[in-house]
Amino acid sequence: MPTRTLLAALPDQKPDPLLALIKKFASDDRPGKIDLGVGVYRNAEGKTPVMAAVKSAEHHLWETQDSKSYIGPEGDPTFVSLLAQEVFCDGMVTENLAGVQTPGGTAALRLSAEILAHDNDRSIWIGTPTWANHNAIFATVGLGIKTYRFFDPQTQAVRVDEMLSAFESAKCGDAILLHASCHNPTGAAISAEVWSAIAEIVARKGLIPLFDNAYQGLGRGFAQDVEGMHTVLKAADEAIVAVSCSKSFSLYRERTGAAFVLGNSATDVARGVANFAYHARASYSMPPAHGAAVVATVLADAGRRKLWIDELASMRSRIFEIRTELTNRLSAYMPQLAAVADQEGMFSLLPLTPENITHLREVHGIYMPDSGRVNLAGLRIEQVDQVSRAIGQLL
Ligand SMILES: Cc1ncc(COP(=O)(O)O)c(C=O)c1O
């Protein structure tokens, strides 16, 4: 029989290193093991609880929801418009802004990648390091990827000059990927001056910013976390914003997010949304309803919204407390690490070698990926001392 193999011809795919780390952690039976790898928020007891506002919304939905019929590729328009009020500022929510509900921030990025790739002369500029999936998402749709060095782990500083000169060398119509806040994996924050400098280049060169807004509320404050993004969006002719509700609402497995386009006219953004819907239809058809219904139920009710905002604030302050305590101790070993205190969100990228990371795992039961990214929310306050000593000796 003639053969033209299917499976044997496929490329080998390496398992996701974070998923491999989860498996290793699960099979470690030392009672004091510590997981700083997985990118989810954990409370002081090491749990990732359902937020109280989410529970209340789910209860309300259970009582009132009367259909599980299809919701369409664009998802729930009420969710999209309530979320837009939270992500964008006054004056930005106009007929020149429109969006669709997506299965998490990942699908929002994927739909964004699809419409960006329509122009096969367009590249996207990505600072390194970045969230590991960014490259895969843009490469999958065939978008040209150009990289620049965003961060220096030794000095813990953003390489502002390299970033700005990369944007200067981009072509009109190229896209630039920006993390709205809480940069994953570095935690590095961009100052208001640098956001303004980015905005100026975007406007002058006609670049298309694509914002990945996956951690709003876990950085400096719910509104503050998007101020830099607003500066750039106001300067841009056209832009895309991918929103994830996974972290901000602790809805990880409910796959809740949205993709927004900002353009020059209602007709243009409607075309953008129609293209999002086309790509949604051809891949996952339509987003799951539950998470978005929960978010809409939280945001539509002043009491639930306040409960959620307060809980988000307490998550933020727990991360901040761990960050401060860890920085105080680590900077005694390596003064440059004082900068970790000024970073934001759940992550920081420590200057550790893969050998250091193996040592931490094997000798101390402290788990993190080979990049040296630590999830500060994985730490309980009483573990900070022990972890700082173990890491400090390797710096
Ligand atoms: C920077 C960044 N963007 C997007 C996402 C995607 O989130 P979601 O789980 O909503 O797809 C993540 C998740 O870890 C992330 O870290």
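For the structure, see preceding data.
Residues numbered from 1 in each chain as written. Predicted model: local features only at pLDDT ≥ 70, side-chain atom pairs only at ≥ 80, totals over all residues. Heavy atoms only, no water.

Peer 1: Is there a simple way to think about the pairing of strand 10 (residues 257-262) in this case?
Peer 2: Regular strands show a simple pattern: their side chains alternate between the two faces of the sheet. Of all six residues that make up strand 10, six are buried, and the element is covered over most of its length. Across the two faces of strand 10 the burial is the same, with Gly257, Ala259 and Val261 and Ala258, Phe260 and Leu262 all buried. With six bridges joining them, strand 2 (residues 97-102) and strand 10 adopt antiparallel strand pairing. Within strand 10, the position partnered with Leu97 by the bridge is Leu262. Taken together, the six bridges between strand 9 (residues 239-244) and strand 10 define a ladder with antiparallel strand orientation. The partner of Ala242 across the bridge, within strand 10, is Ala259. (Buried < 20%, exposed > 50% of the residue type's maximum accessible area, 1.4 Å probe, protein only. Helix = DSSP H or I, 4+ residues; strand = E, 2+ residues; numbered from the N terminus. Pairing = 2+ DSSP bridges.)

Peer 1: I tried to follow the packing of helix 2 (residues 52-64) against helix 11 (residues 302-333) on my own but got confused; where do I start?
Peer 2: For any two helices packed against each other, the geometry is given by the interaxial angle and the distance between the axes. It is at 8 Å that the axes of helix 2 and helix 11 come closest, and there the two elements cross at 150°. For the element pair helix 2 / helix 11, the angle class is roughly antiparallel. In contact with Ala52, Ala53, Ser56, Ala57 and His60 of helix 2, helix 11 contributes Arg304, Leu307, Trp308 and Glu311. Of the residues assigned to the contact of helix 2 with helix 11, the class counts are five nonpolar, two polar and two charged. (Axes fitted to C-alpha atoms, helices over the stretch in contact; angles between N-to-C directions. Parallel < 35°, antiparallel > 145°, perpendicular 65-115°, else oblique. Contact = heavy atoms within 4.5 Å. Nonpolar A, V, L, I, M, F, W, Y, C, P; charged D, E, K, R; others polar.)

Peer 1: For this particular structure, what's the right way to read the site of the ligand?
Peer 2: Lining the immediate surroundings of the ligand are Gly104, Gly105, Thr106, Trp131, Asn184, Asp212, Ala214, Tyr215, Ser244, Ser246, Lys247 and Arg255. Take Gly105: an N or O atom from its main chain is 2.8 Å from an oxygen atom of the ligand. Here an oxygen atom of the ligand and a side-chain polar atom of Ser244 are 2.6 Å apart. Relative to its free-state accessible area of 390 Å², the ligand is covered by the protein chains to the extent of 91%. Here the shell around the ligand takes three residues from helix 4 (residues 104-116), the largest share from any one element. The residue makeup of the shell around the ligand, split by class, is three nonpolar, six polar and three charged. (Near = heavy atom within 4 Å. Polar contact = N/O pair within 3.5 Å; in protein donor to acceptor, adjacent residues only side chain to side chain. Areas by Shrake-Rupley, 256 points an atom, 1.4 Å probe, with all protein chains shown as cover.)

Peer 1: What exactly am I supposed to notice about the pairing of strand 9 here?
Peer 2: With six of six residues buried, strand 9 is to be regarded as a mostly interior element. Of the two faces of strand 9, the one lined by Ala239, Val241 and Val243 and the one lined by Ile240, Ala242 and Ser244 are each fully buried. As defined by bridge partners, strand 8 (residues 208-213) adjoins strand 9 across four bridges and the pair is classed as parallel. By the bridge assignment, Leu210 is partnered in strand 9 with Ile240.

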